[in-house]
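# Overview (structure and organization)
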Number of protein chains: 2
Amino acid sequence: MSKVADILPGLISEYSKVLKRSEIRELLKITRLPGMISFAGGLPYPGLFPVEELKDIVNAVLDREAKKALQYGPTEGDARLIDFIVKWMREDEGAEIDKDYILIVSGSQQALDLVGKIFINPGDSIIVGLPSYLGALQAFNSHRARMIGVPVDKQGMDVDKVEGILMEYKQKGEKIKFIYVVPDFQNPAGVTMTLERREKLLDLCYEYGTIVVEDSPYRELRFEGESVPMVGAMDKKGYAFSLHTFSKILLPGFRLGWIIANKAIMDKLIMGKQPADLCTSPFSQSIVYEYLRRGLLKPHIEKIVKLYREKRNVMLQALEKYVPKDSGIDWTHPEGGLFLWVTLPEHMDAEELFPKAVEKKVAYVMGSAFHFDGSGKNTMRLNFSYPSEEQIDEGIKRLVDLFKEEM
Amino acid sequence: MSKVADILPGLISEYSKVLKRSEIRELLKITRLPGMISFAGGLPYPGLFPVEELKDIVNAVLDREAKKALQYGPTEGDARLIDFIVKWMREDEGAEIDKDYILIVSGSQQALDLVGKIFINPGDSIIVGLPSYLGALQAFNSHRARMIGVPVDKQGMDVDKVEGILMEYKQKGEKIKFIYVVPDFQNPAGVTMTLERREKLLDLCYEYGTIVVEDSPYRELRFEGESVPMVGAMDKKGYAFSLHTFSKILLPGFRLGWIIANKAIMDKLIMGKQPADLCTSPFSQSIVYEYLRRGLLKPHIEKIVKLYREKRNVMLQALEKYVPKDSGIDWTHPEGGLFLWVTLPEHMDAEELFPKAVEKKVAYVMGSAFHFDGSGKNTMRLNFSYPSEEQIDEGIKRLVDLFKEEM
């Protein structure tokens, strides 16, 4: 009789063999050391969580509808919440949708997993940005997608390169299952895709018969400049599915998001969610619905935008102040969101620098973590939503000191 | 340029092609019609939800730890909740575990999905009961398991049949990835596996090198008789993983459960959960932890047990009262849980009877829904936790009237 550890290698699935622990999550443990200034996480600023409003709302929900809010709910989600989202997306985004286009999910990470489930067979090809959101790469990797990388520059994903790949695959008779993009204030690079590129991306989908997965967690957090239409709202043919979440515009702790997708695929998404978790917490949904119904979300988003804009400004100013001219160090100027992206001179390696940064009590995420192919070694992601303004200034100073030592 | 519906068949995964809508969930829509007495659902009785305690607890959580409870949390779960569960399972169940054996999940449906992910490659064989919990069948089916059915009788799964299958597969050089059981008050049959069968099941796993997945949502809801040890607690070698939930002993609306598994596999489970939903709601976890810390769970379970025992008694008495002697109709005598299982004479078909039952304003779930192979046509599942005592008596009367008409 052997120990279970001895027999497990013969029992576990191929799927579980490819699963990798998130590098960021491991990294975050280091960044919690005392005195550390961390630009590594992607956490919303918790000082803005609307605690007093929520207390009142939770009491109202428990008084009014406890039997419903604490019971199982429909897989599709709370009909009232769905109706509210439909109205919001129609009015603010011009999305031509009705309630059958919405699926409530347990955070947008679940949306990414469902998209992976519904579209990817092991070995299927998809297009992702270089860099891309790590959680998306993990989700698609767990479904054993073959990823094809397309560079993301200051105008977003390079759609000419996308076209080249689609042509090449068409000639080979192979399919690209979908193109994954974060058009607004991309995680990690902080850049926004231009209108021209969005239009071309959709045209390419129509021409080559593939779809866009538009991940949109930060869209409402615009600090400046003109909003560019959602890819999903520009598309009138159902070729773009978009993923949304309350994590960044309200709070992450409820694990609540939604997918907007064409009816043709909605049935599959619902059937994919049923065996995954039956339904998203009706309690969370009741609370957030009541928060929306009271009209609290928009003023709350204004508060977040104001604070994050200031924090971003402090980070940009600190970079201007501390980085020497002609150092070859470049960074993005995000018009919204939570992140800024730094590109070091080619010969520098943010992964190698990391332990030295930790010694100086400052942390970031190395850009290579966001490149499925391990490229981007001279890049790093800096988060400005979580640290204080003082920490941002001091942390950038420490970082730039390190860069200078290494140059 | 074609519509997206035209190109989707070429883009969706094999996985999404096997997904089926839950028959029960579709059925439940019918059972909500006015005047209907429904034995079809599996819902806890909402009148027992501890609303006043929860109001107090939610306010305390938001006062004390809003920044933590509303933020992202660790994938493994809230360390305080895990510690509490470890203590509970050690003291009450004799489980030799520590915190590294526990993963908090978003309801035990997620646990079933994770088990499927971690163990099943498409086409891999697993053993399930005839009948089995439908949500488990759906989860395993979504991972494209090949199911082998073993009859469940009034002593639980027939382990001699399990032995025969394991021998046969060993001779063929094929593996059984796991054996799925609900040992206590099985859903749907309401039966409890005897100690002897549990022992033999474990011995078979040791001998043939496979594992037991012990799904245990109802274990704490025992109305009478002696508790039989958990398979996971009897096993000292890590061959049994158990799945637990707060849905039936507290409430389902938080979507909160846990897995107890050997450390050797825990890493895989955590890595499987990360891309699925990052973490389970820290808000739900904070609330339930505080509920446990205040010592409220055990007295609450006593209340549930008392009420469900009465309801079960009413159902048993109604069956005794209305079913004619020598009718050939048989039913289980559940010592706990939420369900009772009726077996009609061979020639009767509960699926065919269903529309007629709906006409008589009474609903159930046909037993065939719980048999992956479509067998069990002369069986049905009756839920007694949700309807009132008056409804139970009247509903059984209506059902038996129907049986008599059909005989």
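Residues numbered from 1 in each chain as written. Chains lettered and ligands numbered in written order. Predicted model: local features only at pLDDT ≥ 70, side-chain atom pairs only at ≥ 80, totals over all residues.

## With respect to the overall build of chain A
Looking only at helices and strands, chain A features 15 helices and 14 strands. The C-alpha atoms of chain A give a radius of gyration of 22 Å, which matches the 22 Å a tight globule of 407 residues would have. Burial analysis of chain A (407 residues in total) assigns 55% to the buried set. In chain A, once contacts between residues fewer than 6 apart in sequence are set aside, the share between residues at least 24 apart is 76%. (Helix = DSSP H or I, 4+ residues; strand = E, 2+ residues; numbered from the N terminus. Rg over C-alpha atoms; globule rule 2.2 N^0.38 Å. Buried ≥ 20, exposed ≤ 12 C-beta atoms within 10 Å, placed from the backbone. Contact = placed C-beta atoms within 7 Å.)

## A closer look at the relation of the copies chain A and chain B
Laying chain A over chain B is done by rotating through 180 degrees and shifting 0.0 Å along the axis; what remains is an RMSD of 0.0 Å. Those values place the two copies in the arrangement expected of a two-fold rotation axis. When C-alpha positions in chain A are compared against the rotation axis, the closest is assigned to Val58 of chain A, at 3.8 Å. By residue overlap, the copies meet face to face through one surface: 100% of the interface positions of chain A are interface positions in chain B. (Least-squares fit on C-alpha atoms with pLDDT ≥ 70 in both.)

## Focus: the sheet that holds strand 10 (residues 330-331) of chain A
Residue and element names in this part refer to chain A. Sheet architecture is open: four strands sit in the order 10-11-14-13, paired in antiparallel fashion. Of all the strands in the sheet, just strand 10 and strand 13 (365-366) have a single pairing partner and so form its edges. Note that strand 10 and strand 11 (residues 339-343) share two bridges and pair antiparallel. Across the sheet, Asp330 pairs through a bridge with Thr343, a residue of strand 11. (Pairing = 2+ DSSP bridges.)

## Description of the sheet that holds strand 6 (residues 176-181) of chain B
Residue and element names in this part refer to chain B. Strands sit in the order 2-9-8-7-6-3-4-5 across an open sheet of eight strands; the sheet is mixed. Each edge of the open sheet carries a strand with a single partner, namely strand 2 (102-105) and strand 5 (156-157). Two elements, strand 6 and strand 7 (residues 211-215), share four bridges in a ladder whose sense is parallel. Across the sheet, residue Phe178 finds its bridge partner in strand 7, namely Ile211. On top of the sheet, helix 6 (residues 108-119) reaches strand 2, strand 6, strand 7, strand 8 (240-245) and strand 9 (257-260); it is set at about 155 degrees to strand 8, its chief contact. (Axes fitted to C-alpha atoms, helices over the stretch in contact; angles between N-to-C directions.)

## Describing unusual backbone geometry
Residue Pro131 of chain A follows Leu130 of chain A across a cis peptide bond; omega there is 5 degrees. Among the structural elements, Pro131 of chain A can be located in the loop between strand 3 (125-130) and helix 7 (134-142). The omega angle of the peptide bond from Asn187 of chain B to Pro188 of chain B is 15 degrees, so this bond is cis rather than trans. Inspection of the secondary structure puts Pro188 of chain B in the loop between strand 6 and helix 9 (195-208). The backbone of Arg144 of chain A shows a phi angle near 65 degrees, a positive value even though the residue is not glycine. As for its placement among the helices and strands, Arg144 of chain A is situated in the loop between helix 7 and strand 4 (146-153). The backbone phi angle of Leu278 of chain B is positive, close to 65 degrees, even though this residue is not glycine. Turning to its location among the elements, Leu278 of chain B is positioned in the loop between helix 11 (263-277) and helix 12 (282-293). Look at Leu278 of chain B and you get buried, because 25 C-beta atoms sit within 10 Å.

## Observations concerning the nonpolar core
Judged by nonpolar contacts, the single largest core of 246 residues is most densely connected at Ile211, Val212 and Ile259 of chain A together with Ile211, Val212 and Ile259 of chain B. Those residues within four positions of Val212 of chain A in sequence are excluded, and the remaining contacts are Phe178, Ile179, Val181, Leu201, Leu202, Cys205, Val231, Tyr239 and Ala240 of chain A. (Core = buried A, V, L, I, M, F, W, Y, C linked by C-beta atoms within 7 Å.)

## Description of the interface of chain A and chain B
Counting residues at the interface gives 76 residues for chain A and 76 residues for chain B. Looking at the side of chain A that touches chain B, the elements that each hand over two or more residues are helix 1 (4-11), helix 2 (14-18), helix 4 (51-69), helix 6 (108-119), helix 7, helix 11 (263-277) and helix 12 (282-293) of chain A. Its residues assigned to classes, the side of chain A that touches chain B shows 38 nonpolar, 23 polar and 15 charged. (Nonpolar A, V, L, I, M, F, W, Y, C, P; charged D, E, K, R; others polar.)

## What about the packing of helix 4 of chain A against helix 4 (residues 51-69) of chain B?
The geometry of helix 4 of chain A relative to helix 4 of chain B is characterised by a closest axis approach of 10 Å and an angle of 170 degrees between their N-to-C directions. With respect to helix 4 of chain B, the element helix 4 of chain A is oriented roughly antiparallel. Here Val51, Leu54, Lys55, Val58, Asn59, Leu62 and Ala66 of chain A of helix 4 of chain A come into contact with helix 4 of chain B, specifically with Val51, Leu54, Lys55, Val58, Asn59, Leu62 and Ala66 of chain B. A per-class count over the contact of helix 4 of chain A with helix 4 of chain B returns 10 nonpolar, two polar and two charged. (Parallel < 35°, antiparallel > 145°, perpendicular 65-115°, else oblique.)

## Notes on the packing of helix 13 (residues 297-322) of chain A against helix 15 (residues 389-406) of chain A
Packed helices, taken two at a time, are described by their axes: the angle between them and the distance between them. All names here are of chain A. Interaxial distance between helix 13 and helix 15 falls to 9 Å at its minimum, and their mutual angle equals 30 degrees. For the element pair helix 13 / helix 15, the angle class is roughly parallel. Crossing geometry of helix 13 relative to helix 15 is assigned as right-handed. Residues Glu310, Lys311, Val314, Met315, Ala318, Leu319 and Tyr322 of helix 13 touch helix 15, and the partners they reach there are Glu389, Ile392, Asp393, Ile396, Lys397 and Val400. Per-class residue counts for the contact of helix 13 with helix 15 are eight nonpolar, no polar and five charged. (Left-handed = near helix turned anticlockwise from the far one by under 90°.)

## Considering the domain arrangement of chain A
Residue and element names in this part refer to chain A. According to the domain assignment, chain A contains domain 1 (4-49 + 299-406) and domain 2 (51-296). Using C-alpha coordinates to define each centre, domain 1 is positioned 24 Å away from domain 2. Taken together, the contact pairs 34 residues of domain 1 with 35 residues of domain 2. The leading source of residues in the side of domain 1 that touches domain 2 is helix 13, at eight residues. Split by residue class, the side of domain 1 that touches domain 2 holds 19 nonpolar, 10 polar and five charged. (Domains from an automatic or database assignment.)

## As for helix 11 of chain B
Three or four residues apart is the spacing at which side chains of an α-helix point the same way, because the helix has 3.6 residues per turn. Residue and element names in this part refer to chain B. Taking 1.5 Å of rise per residue, 15 residues should cover 21 Å, and helix 11 covers 21 Å from first to last C-alpha, within 8% of that figure. Burial analysis of helix 11 places 11 of its 15 residues in the buried class, the great majority of the element. Those residues of helix 11 that sit buried are Ile265, Lys268, Leu269, Ile270, Met271, Gly272, Lys273, Gln274, Pro275, Ala276 and Asp277. (Expected span 1.5 Å × (residues − 1).)

## A few points about the environment of Val305 of chain B
Residues and elements named next belong to chain B. Mapped onto the elements of the fold, Val305 is located in helix 13 (residues 297-322). For Val305, a count of 17 C-beta atoms within 10 Å corresponds to the partly exposed category. A C-alpha to C-alpha distance of 8.6 Å links Val305 and Gly337, two positions 32 residues apart in sequence. In this structure Val305 touches Leu221, Arg222 and Phe223, once residues within four positions along its chain are discounted.

## So, the confidence of the model for chain A
Per-residue confidence for chain A averages 95 on the pLDDT scale, and 97% of its residues sit at or above 70. Interface confidence in the predicted complex, given as ipTM, is 0.96; pTM for the same model is 0.96. (pLDDT = per-residue confidence, 0-100.)

## Notes on the pairing of strand 14 (residues 379-383) of chain B
All names here are of chain B. Within strand 14, five of the five residues are buried, which leaves the element mostly enclosed by the surrounding structure. Alternating residues of strand 14 divide into Thr379, Arg381 and Asn383 and Met380 and Leu382, and every residue in both groups is buried. When strand 11 (residues 339-343) meets strand 14, the two strands line up antiparallel, connected through five bridges. Residue pairing in the sheet places Leu340 in a bridge with Leu382 of strand 14.

## Structural notes on the environment of Gln317 of chain B
Tracing the backbone through its elements, the reader meets Gln317 of chain B in helix 13. Considering only alpha carbons, one finds Gln317 of chain B and Glu224 of chain B, 93 residues apart in sequence, at a separation of 16 Å.

## So, helix 13 of chain B
All names here are of chain B. Helix length check: helix 13, at 26 residues, gives a terminal C-alpha distance of 37 Å against a target of 38 Å (1.5 Å per residue), a fit within 8%. Turning to helix 13, its buried residues are Tyr308, Lys311, Arg312, Met315, Ala318 and Leu319. Looking at the buried residues of helix 13, the elements they touch are strand 10 (330-331), strand 11, strand 14 and helix 15 (389-406).

## A look at the environment of Gln155 of chain A
Residue and element names in this part refer to chain A. By the secondary structure assignment, Gln155 is in the loop between strand 4 and strand 5 (156-157). Gln155 sits 40 residues away from Leu195 along the chain, and the two C-alpha atoms are 9.3 Å apart. In contact with Gln155, not counting residues within four places along its chain, are Met193, Thr194 and Arg197.

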